[in-house]
Each structure stands twice: as C-alpha cells, then as structure tokens.
Amino acid sequence: DAGITQSPRHKVTETGTPVTLRCHQTENHRYMYWYRQDPGHGLRLIHYSYGVKDTDKGEVSDGYSVSRSKTEDFLLTLESATSSQTSVYFCAISEGNTEAFFGQGTRLTVV
Amino acid sequence: QQQVKQSPQSLIVQKGGISIINCAYENTAFDYFPWYQQFPGKGPALLIAIRPDVSEKKEGRFTISFNKSAKQFSLHIMDSQPGDSATYFCAASMRDGNNRLAFGKGNQVVVIP
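A short tour of the structure in this document, coming up.

Calculation criteria
Residues numbered from 1 in each chain as written. Chains lettered and ligands numbered in written order. Predicted model: local features only at pLDDT ≥ 70, side-chain atom pairs only at ≥ 80, totals over all residues. Heavy atoms only, no water. Pairing = 2+ DSSP bridges. Helix = DSSP H or I, 4+ residues; strand = E, 2+ residues; numbered from the N terminus. Axes fitted to C-alpha atoms, helices over the stretch in contact; angles between N-to-C directions. Contact = heavy atoms within 4.5 Å. Buried area = accessible area lost by both parts, 1.4 Å probe. Salt bridge = Lys/Arg side-chain N within 4 Å of Asp/Glu carboxyl O. Polar contact = N/O pair within 3.5 Å; in protein donor to acceptor, adjacent residues only side chain to side chain. Nonpolar A, V, L, I, M, F, W, Y, C, P; charged D, E, K, R; others polar. Core = buried A, V, L, I, M, F, W, Y, C linked by side-chain atoms within 4.5 Å. Buried < 20%, exposed > 50% of the residue type's maximum accessible area, 1.4 Å probe, protein only. 1 Å grid on protein atoms, 1.4 Å probe; cavity = no way out; pocket = protein on both sides within 12 Å on 5 of 7 lines; lining within 4 Å. Points joined across faces, edges and corners; volume = space filled by probe spheres on them.

With that settled, consider the sheet that holds strand β3 (residues 19-25) of chain B. Backbone hydrogen bonds hold the strands of a sheet together, and the pairing may be parallel or antiparallel. Residues and elements named next belong to chain B. The strand order β1-β3-β8-β7-β6 describes an open sheet built from five strands, whose pairing is antiparallel. The two strands at the open ends of the sheet, each matched to only one other strand, are β1 (4-7) and β6 (56-59). Ignoring strand direction, the axes of neighbouring strands in this sheet form an average angle of 15°. As paired elements, β6 and strand β7 (residues 62-67) share four bridges and run antiparallel to each other. Bridge assignment links E56 to a residue of β7, and that residue is S65.

What follows is the structure, encoded as structure tokens:
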C-alpha cells in the first residue's frame with residue numbers, strides 16, 4: 001500500500017459538533033484529495049490540495065473546510081456535523097495526471 | 001451532474017465468464033480514464049487505466065476498450081474468478097494536472113463459483 005494513513009478509522013459524533021479527519025502521507029506527493037463515498041453516488045470530491053496552503057473546492061464542499069500546513073498532512077474539518085455528513089471518507093494522493101492512491105477510509109457516523 | 005455515467009449497477013457472472021462494465025462521459029477535455037477496484041472495507045485501488053490515444057489496453061485478464069468518438073469506455077474481465085468479486089469504479093480526469101477524478105457510481109460484480 002502507498003504510504004497513506006487516515007485517522008481516525010471510525011468515529012461517531014453528535015450533530016452540531018466539530019470533527020476533524022486527518023490524512024498523513026509519506027510519499028511526498030504534491031496533490032492530496034478528500035472524497036466521500038455514499039451508496040448510489042460513488043466517490044465525490046470534497047476538497048483538494050495542490051501544494052502546501054494551496055487548496056480548492058470540489059463538487060460537494062459545502063459544510064467542509066480543509067487545511068494543509070505541511071506536505072504530508074491534509075486535514076478535513078466538519079465545522080458543525082450534520083446527519084447528511086454520515087459517510088465514508090477517503091483521502092487520496094497523486095503526483096498529477098496519473099494514478100491516485102487511496103487511504104483505507106474513515107467511517108463517520110453523525111447521530 | 002454526474003460527469004461519468006456507469007452501467008450496469010450490479011452484475012452477477014459465473015466463474016470463467018466475461019464481466020463487462022460500461023462508462024460514458026461528456027467532457028471532451030478528459031484525457032485519462034482509470035478503473036478502480038474496491039473490496040469491502042478497503043480503499044479503491046487502481047486496476048487499469050487508458051489514455052485516448054489508444055483504443056484498447058490489456059493487462060492480464062483485464063482489458064479497457066475506448067471509443068473516443070462515442071465518448072465511451074468499458075472494462076472487460078475475462079475468465080472471471082470469485083476473487084474478482086468487488087465494486088468497480090470508472091473515472092476520468094483532465095490534463096490540468098490536478099488529477100481531480102470524476103467517478104462513476106460504481107458497479108458491484110459478484111462472481112459465482
């Protein structure tokens with residue numbers, strides 16, 4: 001497996017609480033991405049980063065923010081979690097228009 | 001709006017048979033078309049990918065067929081095995097270098113022994 005670690009792997013949180021998911025890579029890849037996976041929707045891009053402190057929105061960015069202060073870490077924050085954000089979240093890394101490597105995923109449940 | 005449309009949603013095939021999954025896209029700026037394989041509880045992993053300068057790419061039992069004029073591409077799994085039972089996603093991205101993958105909704109393939 002590519003050197004990608006997501007933490008936590010599982011989390012249950014209450015509606016309205018802030019949640020931060022972490023993605024850590026050891027591959028020194030420039031690009032990092034956060035996707036969510038939901039039944040019937042496949043994988044949808046939330047936010048991505050093309051360098052330290054350089055981020056941009058994906059197709060489902062509402063309610064999410066990200067930060068990348070170091071090449072190896074990409075954080076996804078849900079400022080105030082809602083039940084619609086219950087999902088499996090995947091981090092991915094790549095070096096550009098080539099293969100993207102995915103982490104093992106974080107299963108988030110908002111109750 | 002789904003940029004990549006995948007069909008069928010699920011597929012059951014006998015061991016030794018051929019599994020075929022189809023994808024269609026609209027954006028002619030797409031120039032990289034990967035297929036990802038995902039097992040339960042795991043992240044997607046690249047299976048095979050193609051660029052539009054070729055019409056077919058084969059790796060072992062897996063083949064991508066690409067039809068640029070029809071804006072369609074498909075995955076063929078020959079001699080399907082029970083270990084191929086997984087969810088398969090087609091995707092597409094553009095040459096702008098950010099490799100933002102647009103995924104299809106996925107197809108669950110079940111290979112019956």
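Next comes the rest of the description.
As a further point, take the interface of chain B and chain A. Much of the literature gives interface size as the accessible area that the parts lose upon coming together. The partner chain A presents 22 residues to the 23 residues of chain B that form the contact. With both sides pooled, the region where chain B packs onto chain A buries about 1800 Å², and carbon together with sulfur makes up 47% of that total. If you sort the residues of chain B by the area they bury against chain A, N98(B), N99(B) and F103(B) come out on top, with a joint share of 26%. Counting the contacts that link chain B with chain A gives zero salt bridges. Inspection of the chain B/chain A interface yields six residue pairs in polar contact (both at pLDDT 80 or more). When its residues are assigned to classes, the side of chain B that touches chain A shows eight nonpolar, nine polar and six charged.

F33(B), W35(B), F73(B), L75(B) and Y88(B) are the most contacted members of the largest nonpolar core, which totals 25 residues. Taken together, the elements giving at least two residues each to this core come down to β2 (10-14), β3, β4 (30-38), β5 (45-50), β7, β8 (72-77), β9 (86-94) and β11 (107-112) of chain B. In terms of residue count, β9(B) provides more of this core than any other element does, four residues in total. Each residue touching F33(B), except ones within four places of it in the same chain, is listed here: Y25(B), I48(B), A49(B), I50(B), P52(B), I64(B), F66(B), F73(B), A91(B) and A92(B). Counting 19 residues, the second-largest nonpolar core is a separate cluster that includes L21(A), W34(A), V60(A) and I93(A).

In this model, the largest pocket occupies a volume close to 690 Å³. The wall of the largest pocket is formed by 32 residues, among which Q37(A), V88(A), R107(A), Q38(B) and T87(B) lie closest to the centre. Mapped by element, the contributors of at least two residues to the lining of the largest pocket are β4 (31-38), β9 (87-94) and β11 (106-110) of chain A together with β9 and β11 of chain B. With four residues, β11(A) is the largest single contributor of residues to the lining of the largest pocket.

Residue and element names in this part refer to chain A. Burial of β11 is one-sided: the residues T106, L108 and V110 facing one way are buried, the residues R107 and T109 facing the other way are not. Summarising the sheet, strand β2 (residues 10-13) and β11 pair through four bridges and their orientation is parallel. Within β11, the residue paired with T13 across the bridge is V110. Taken together, the three bridges between β9 and β11 define a ladder with antiparallel strand orientation. Bridge assignment links Y89 to a residue of β11, and that residue is T106.

This brings us to the pairing of strand β8 (residues 73-78) of chain A. All names here are of chain A. Most of β8 is tucked away: five of the six residues are buried. Pairing analysis gives six bridges linking strand β3 (residues 19-25) to β8, with the strands arranged antiparallel. The residue bridging C23 from the neighbouring strand is F74, located in β8. The pairing of strand β7 (residues 64-70) with β8 spans five bridges and is antiparallel. Bridge pairing in β8 links K70 to D73.

For the coordinates displayed, the defined rule picks out seven salt bridges over all chains. R22(A) serves as the salt-bridge partner of D73(A), at 3.1 Å between the closest nitrogen and oxygen. Remark: R22(A) occurs in strand β3 and D73(A) occurs in strand β8; sequence separation between them is 51 residues. Linking E59(B) and K57(B) is a salt bridge whose minimum nitrogen-to-oxygen distance equals 3.6 Å.

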